[in-house]
Amino acid sequence: MAIKPEATAGNTDWFIHDRFGLFIHWGLYALPARHEWVKNRERIPDSTYQKYFEHFDPDLYDPKEWAKAAKKAGMKYFVVTTKHHEGFCLWDSKLTDYKATNTPAGRDLLKPMVEAFREEGLKIGFYHSLIDWHHPEFPVDGIHPQRDDKEFREKEKDRDITKYAEYLHKQTRELLTQFGKIDIIWFDFSYSGMADNGKGKDDWQSEKLLDMVRELMPGIIVNDRLEIGGDIKTPEQVQPREWVKVDGKPVVWEACQTLNGSWGYDRDNLDWKSVELLVQMLIDTVSKGGNLLLNVGPTGRGYFDPKAIDRLEGIGEWMKYNSRSIYGASQSEFTAPVDCRLTQNGDRLYIHVFAWPFKQLHMEGMAGKIKYAQLLHDASEVRYSENMDNGMVSFNLPVQRPDVVVPVIELFLK
Ligand code: GLC
């Protein structure tokens, strides 16, 4: 029996079919270009951080190109940072001056992005930071950039989280009423366990916020970082061992991963994952019943840098021929041969061969169950022998590994 997580309030039907999305982290931190947590890491006060606001001028920004690149990579939805922890807003919020329209960019950057991705047929998701290191009523805590500035803390000790929560709720309302249908809202994040003024559901007024979200946008998918559950579980920068469970029950889940360990544009970063590794991560995720949300951090001039484009194109090249093993597919009940991952979609079983073996690939428990076998990328027949005594099937593979980053064998089951 295939695993099917219990239904939640959000509509995840399209989501578990589509499997693959683009995460975009874009804000002022693209200018320092050394991680989106730079304000925290370097303990930068607002007055110093202001230079990024004053120089934010993405003159080469063309969201149509972004949307096309995502689509070509095989991505079916995207999630963009409307506001990250630094507090800067990409849209023309009526509730703050700290927004793109007041930078040299001089315009709402979110609206054209939503339109461009919608135009390419991708679903729309908003990441929205619960944390805000710019808002004057956001109480200073252990991850605030000015946590170590005693004078500042003393001066700001009367900050009122309920006023910040009101801002958070009202901005969420703007986001869910001014951009048409939004398919995912991705709040980030809660840390009530942290000793120094940690924050969580009581601070965000998560229940009330969620009620409003559900009312404004029925069917929207809400992630799990409000500290009150949600429709999807979102493990970050890890590949889980198995289908993600909550209280012992499998749930709808989405791994979020970076191309190089940083979410925001990170100029000097050398940790770039290869196309092969990224394709393997996508396959591994689907083989455990999950989605992959893969991140690009665009530059301050508003384009995807060549290394990101290279990865997206490489993944797209693989997807062009092999996406049948991804869309609509999920974990299989069968046991994968060594060095392989399985996905299944009804009577089609997909063997993803991570390490190419010499001539034969052996698979247990399959004798008598296969109608036909082929390599997925070129529909060339794969012949096999069956041992009815022990259930073993041995596929005959060419000595030369096919020239695709991860070869896939497609089995038509009886
Ligand atoms: C985090 C980080 C962050 C990133 C995100 C993506 O919690 O704070 O910078 O946006 O998760 O999952």
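Thresholds, definitions, all that
- Per chain, residue numbering runs from 1 following the sequence as it is written.
- Under the rules for a predicted model, residues below a pLDDT of 70 receive no local features and side-chain atom pairs below 80 are neither given nor counted, while totals for whole chains, interfaces and linings still include all residues.
- As a rule here, side-chain values cover all heavy atoms of the structure and leave hydrogens and water aside.
- DSSP bridges decide pairing: two strands pair if at least two such bridges lie between them.
- Each helix is a run of H or I in the DSSP string that is no shorter than four residues. Each strand is a run of E no shorter than two, and both are numbered from the N terminus.
- Only C-alpha atoms enter the line fits that serve as axes; for helices the fit covers just the stretch in contact. Angles between N-to-C directions range over 0 to 180 degrees.
- Think of it this way: one heavy atom of a residue within 4 Å of a molecule or strand is enough to make that residue near it.
- Here a polar contact is taken to be a pair of N or O atoms separated by no more than 3.5 Å, where protein atoms must pair a possible hydrogen donor with a possible acceptor and residues adjacent in sequence count only if both atoms sit in side chains.
- Using a 1.4 Å probe, the Shrake-Rupley method yields the accessible areas, and only the shown protein chains count as cover for residues.
- Three categories are distinguished: nonpolar for Ala, Val, Leu, Ile, Met, Phe, Trp, Tyr, Cys and Pro, charged for Asp, Glu, Lys and Arg, and polar for the others, with Gly belonging to the last.
- Start and end points for every domain follow an automatic or database-based domain assignment.
- We call two residues contacting when some pair of their heavy atoms lies within 4.5 Å.
- Here the quantity called buried area is the total loss of accessible area, with a 1.4 Å probe, experienced by two parts when brought into contact, counted for both.
- Every angle not falling under 35 degrees, over 145, or within 65 to 115 is termed oblique; those three ranges are roughly parallel, roughly antiparallel and roughly perpendicular.
- Rotating anticlockwise by less than a right angle from the far helix to the near helix defines a left-handed crossing, while the corresponding clockwise rotation defines a right-handed one.
- Only protein chains enter the accessibility calculation, which uses a 1.4 Å probe. A residue is then buried if its area is under 20% of the maximum for its type, exposed if over 50%, and partly exposed in between.
- Stacked, edge-to-face and tilted labels apply to pairs of Phe, Tyr and Trp rings (six-membered ring for Trp) whose centres lie within 6.5 Å, assigned for plane angles under 30 degrees, over 60, and everything in between, in that order.

(A) Fine view of the sheet that holds strand β12 (residues 360-363). In space, the three strands of this open sheet follow the order β12-β16-β15, with antiparallel pairing throughout. The open sheet is flanked by β12 and β15 (384-387), the only strands paired with a single partner. Put simply, the sheet's adjacent strands are angled 15° from each other on average, direction ignored. In the sheet, β12 pairs with strand β16 (residues 392-396) via four bridges, with the strands oriented antiparallel. The residue bridging His 362 from the neighbouring strand is Ser 394, located in β16.

(B) Quick peek at the site of the ligand. Close contacts around the ligand come from 14 residues, with His 25, Glu 36, Trp 37, His 84 and His 85 the closest. A distance of 2.8 Å separates an oxygen atom of the ligand from a polar side-chain atom of His 84. When the ligand is considered free in solution it has 310 Å² of accessible area, and contact with the protein chains removes 94% of it. Per-class residue counts for the shell around the ligand are seven nonpolar, three polar and four charged.

(C) Representation of the domain arrangement of the protein chain. As assigned here, the protein chain comprises domain 1 (13-325) and domain 2 (340-413). Here the C-alpha centroids of domain 1 and domain 2 sit 38 Å apart. Contacts between domain 1 and domain 2 engage 13 residues on the former and 15 residues on the latter. Buried area between domain 1 and domain 2, both sides added, is near 1,300 Å², and the carbon and sulfur share of it is 60%. Three residues, Ile 283, Arg 324 and Ser 325, lead the burial of domain 1 against domain 2; their summed loss comes to 39% of the area buried on that side.

(D) Main features of the packing of helix α10 (residues 275-287) against helix α11 (residues 306-322). As a packed pair, α10 and α11 sit with axes 9 Å apart at the nearest point and diverge in direction by 55°. For the element pair α10 / α11, the angle class is oblique. You can see that α10 and α11 cross each other, and the crossing is right-handed. Each of Val 275, Leu 278, Val 279, Leu 282 and Ile 283 in α10 lies in contact with α11, whose residues at this interface are Asp 310, Arg 311, Gly 314, Ile 315, Trp 318 and Met 319. In terms of residue class, the contact of α10 with α11 is built from eight nonpolar, one polar and two charged.

(E) Structural view of the environment of Val 213. Assignment of secondary structure puts Val 213 in helix α9 (residues 206-216). Classification of Val 213 as buried rests on a relative accessible area of 0%. In this structure, the C-alpha to C-alpha distance between Val 213 and Arg 173, residues 40 residues apart in sequence, is 7.7 Å. The contacts of Val 213, once residues within four sequence positions are left out, are Thr 172, Leu 176, Ile 185, Phe 187, Ile 220 and Val 222.

(F) Structural context of the packing of aromatic side chains. The final tally for this structure, using the stated rule, is 28 aromatic pairs. Consider the rings of Phe 23 and Trp 263, whose centres lie 5.4 Å apart with planes at 75°: the pair is edge-to-face. Of the two residues, Phe 23 is situated in strand β1 (residues 20-24) and Trp 263 in the loop between β8 (254-257) and α10; the sequence distance between them amounts to 240 residues. The buried category is assigned to Trp 263, whose relative accessible area is 5%.

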